[in-house]
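# Architecture and fold: a report
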Amino acid sequence: GDRKLGGILVEVDAEPDLVKAVIVGFGINVNQEQDQLPPDLQKTATSLRISHQRSFARVALLQRLLLSLERTYKGFLSEGFGPILQRCKEVCSTLKREVVVYKPGGDILQGTALDIAADGALVVQSTTGELVPVYAGEVSVRTQNQAFLE
C-alpha cells in the first residue's frame, strides 16, 4: 500500500571534486502494532508485522539485509552502478507519483517524480513543466487520499 515502512538518511562529506565520506542510516518499522506507532503517523506508517500479520526475528532480518547490502556493494565494484540503477527504477514506489521535495535551505519543489538519472538524482517535473534533478532533500509522496507521506 501507500504506508511508509521505513526511511533512509544519507549524509555526505564532500568538496566540489571529492567525496570524502558517505554515511547511510536507515530504519525499518519491524514488529510494531498499529497502536504502537506515534499517533500522528498511524494513518501514514506501517510495520512489517502489520503488513504481513506476523512477527519477525529482528536479528535474522538485519543479517539478511546486511548480506544483501554486501552483495549489492560487490556487484557495484564489479559491474558499476548500471544494474543497481535499473533495479532501483524497477522497485521505486516514488516514480510516476506526485511529490513535494523539501530541499536544503528551505526551498520547496512540487511536481511528479519521473525518473532516476544516471548519476542517481531523482528527476522531478515541476508544476511549471521544468525537469529538476534532485540530489538532496526530503521527498514526500502524495497518497491516493491526497495526503503526503513524510
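Since we're looking at a predicted model, the values are computed, not measured.

## Thoughts on the overall build of the protein chain
Helix and strand counts for the protein chain stand at 3 helices and 8 strands. Going residue by residue from the N terminus, the α and β elements of the protein chain occur as β-β-α-α-α-β-β-β-β-β-β. Seen through its C-alpha atoms, the protein chain measures out along the principal axes to roughly 45 × 40 × 25 Å. The buried share of the protein chain, reckoned over its 150 residues, is 19%. Long-range contacts, defined here as pairs at least 24 residues apart, represent 37% of the contacts in the protein chain between residues at least 6 apart.

## Quick look at the confidence of the model for the protein chain
Averaged over every residue, the pLDDT of the protein chain is 91; residues scoring 70 or more account for 94%. Summarising per-element confidence for the protein chain, the mean pLDDT is lowest in strand β8 (residues 148-149) (51) and highest in strand β5 (residues 122-126) (97).

## With respect to the nonpolar core
Ranked by size, the top nonpolar core spans 12 residues in total: Leu-85, Leu-95, Val-99, Val-101, Leu-109, Ala-113, Ile-116, Leu-122, Val-124, Val-132, Val-134 and Val-141. Mapped onto this core, the elements with two or more residues apiece are β3 (97-102), β4 (108-116), β5 and β6 (131-134). It is β4 that provides the largest number of residues to this core, a total of 3 residues.

## Examining the pattern of salt bridges
Summed over the entire model, instances satisfying the criterion amount to 5 salt bridges. Close ionic contact of Lys-20 with Glu-15 constitutes a salt bridge, the shortest N to O distance being 3.0 Å. For Glu-15, a relative accessible area of 39% corresponds to the partly exposed category.

## Side note on helix α2 (residues 58-79)
Compared with an ideal rise of 1.5 Å per residue, which puts 22 residues at 32 Å, α2 spans 31 Å between its outermost C-alpha atoms and is within 8% of the ideal. The first or second residue beyond α2 is Gly-80, which carries a positive phi of 85 degrees.

## Examining the pairing of β6
Two faces make up the sheet, and in a regular strand the side chains alternate between them. Of the two faces of β6, the one lined by Val-132 and Val-134 is fully buried and the one lined by Leu-131 and Pro-133 carries no buried residue. Bridging between β5 and β6 involves 4 bridges; their strand directions are antiparallel. Its bridge partner being in β6, Leu-122 is matched across the sheet by Val-134. The turn linking β5 back onto β6 is made up of 4 residues, and Gly-129 within it adopts a positive phi angle of 95 degrees.

## What to know about the layout of surface pockets
Empty space within the second largest pocket amounts to approximately 180 Å³. Taken together, Phe-26, Gly-27, Ile-28, Val-30, Asn-31, Gln-32, Arg-58, Leu-61, Leu-62 and Leu-65 make up the full set of residues lining the second largest pocket. Elements that contribute at least two residues to the lining of the second largest pocket include exactly β2 (18-28) and α2. For the lining of the second largest pocket, the leading source of residues is α2, giving 4 residues.

## Details of the packing of aromatic side chains
Tallied over the entire structure, the rule returns 1 aromatic pair. We note Arg-54 situated over the ring of Phe-56; from NZ or CZ to the ring centre the distance is 3.9 Å.

The rules behind each value
Residues numbered from 1 in each chain as written. Predicted model: local features only at pLDDT ≥ 70, side-chain atom pairs only at ≥ 80, totals over all residues. Heavy atoms only, no water. Helix = DSSP H or I, 4+ residues; strand = E, 2+ residues; numbered from the N terminus. Buried < 20%, exposed > 50% of the residue type's maximum accessible area, 1.4 Å probe, protein only. Contact = heavy atoms within 4.5 Å. pLDDT = per-residue confidence, 0-100. Core = buried A, V, L, I, M, F, W, Y, C linked by side-chain atoms within 4.5 Å. Salt bridge = Lys/Arg side-chain N within 4 Å of Asp/Glu carboxyl O. Expected span 1.5 Å × (residues − 1). Pairing = 2+ DSSP bridges. 1 Å grid on protein atoms, 1.4 Å probe; cavity = no way out; pocket = protein on both sides within 12 Å on 5 of 7 lines; lining within 4 Å. Points joined across faces, edges and corners; volume = space filled by probe spheres on them. Phe/Tyr/Trp six-rings, centres within 6.5 Å; stacked < 30°, edge-to-face > 60°. Lys NZ or Arg CZ within 6 Å of the ring centre and 35° of its normal.

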